[in-house]
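Next come the chains, spelled out residue by residue.
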Amino acid sequence: MTIEFTAFARTAEGRGASRRMRRAGKAPGIVYGGAAAPTPIELDHNALFHALRNETFHSSVLTMKLDGAAMQVLLRDVQMHPFRNEILHVDFQRVEANRKI
């Protein structure tokens, strides 16, 4: 069973840009690892929040669609707001089938 989700490249970075993004219903994140450079991304907050409630989302290799290309990633870190049900930031790590993590 493969879990797929869509992410979008993020152009604006920084605290103010992230706050505007969260107000618009998006969650900031980053994808790192592999041969490519770290890429800042944004995800739909509600879709990500419901996916995080599923235990297999935390522990399996996921398929992320970013700019029309699909890549295999692992969920590495989720930062939540202390008392609101709000995702502040997510980290994903790229996975390649022929390389150790």
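Predicted model only: the values in this text are computed from it and were never measured.

Moving on, we come to the nonpolar core. The biggest cluster of nonpolar side chains holds 19 residues, and the ones touching the most others in it are Met64 and Phe92. Going through the elements one at a time, strand S1 (3-9), strand S2 (26-32), strand S3 (39-44), helix H2 (45-52), strand S4 (62-66), strand S5 (69-80) and strand S6 (87-94) are the ones with two or more residues in this core. Once residues within four sequence positions are removed from consideration, Met64 is found in contact with Phe5, Ala7, Val31, Ile41, Ala69, Ala70, Met71, Val73 and Phe92.

What follows concerns the pairing of S5. Direction of pairing for S4 relative to S5: antiparallel, over a ladder of 5 bridges. Paired with Met64 across the two strands is Met71, which belongs to S5. In this antiparallel pair of consecutive strands, S5 and S6, the connection spans 6 residues.

Let's shift gears to unusual backbone geometry. Positioned with a positive phi, Asp67 is a non-glycine residue whose angle comes to about 55°. Structurally, Asp67 is set in the loop between S4 and S5.

Here 6 strands make up a closed barrel; going around it, the order is S1-S3-S2-S6-S5-S4 and the pairing mixed. When the angles between neighbouring strand axes are averaged without regard to direction, this sheet yields 45°. Here helix H1 (residues 15-23) sits on the sheet in contact with S2, S3 and S6, set at roughly 125° to S2. Docked against the sheet, H2 engages S2, S3, S5 and S6, running at close to 85° with respect to S3.

Successive side chains on a regular strand alternate, one facing one side of the sheet and the next facing the other. Of the strand pairs in this sheet, S2 and S3 are connected by 6 bridges, and their pairing is antiparallel. Residue pairing across strands places Pro28 opposite Glu42, the latter belonging to S3. Here S2 pairs with S6 via 4 bridges, running parallel. Across the sheet, Tyr32 pairs through a bridge with Gln93, a residue of S6.

Rules of the game
Residues numbered from 1 in each chain as written. Predicted model: local features only at pLDDT ≥ 70, side-chain atom pairs only at ≥ 80, totals over all residues. Heavy atoms only, no water. Core = buried A, V, L, I, M, F, W, Y, C linked by side-chain atoms within 4.5 Å. Buried < 20%, exposed > 50% of the residue type's maximum accessible area, 1.4 Å probe, protein only. Helix = DSSP H or I, 4+ residues; strand = E, 2+ residues; numbered from the N terminus. Contact = heavy atoms within 4.5 Å. Pairing = 2+ DSSP bridges. Axes fitted to C-alpha atoms, helices over the stretch in contact; angles between N-to-C directions.

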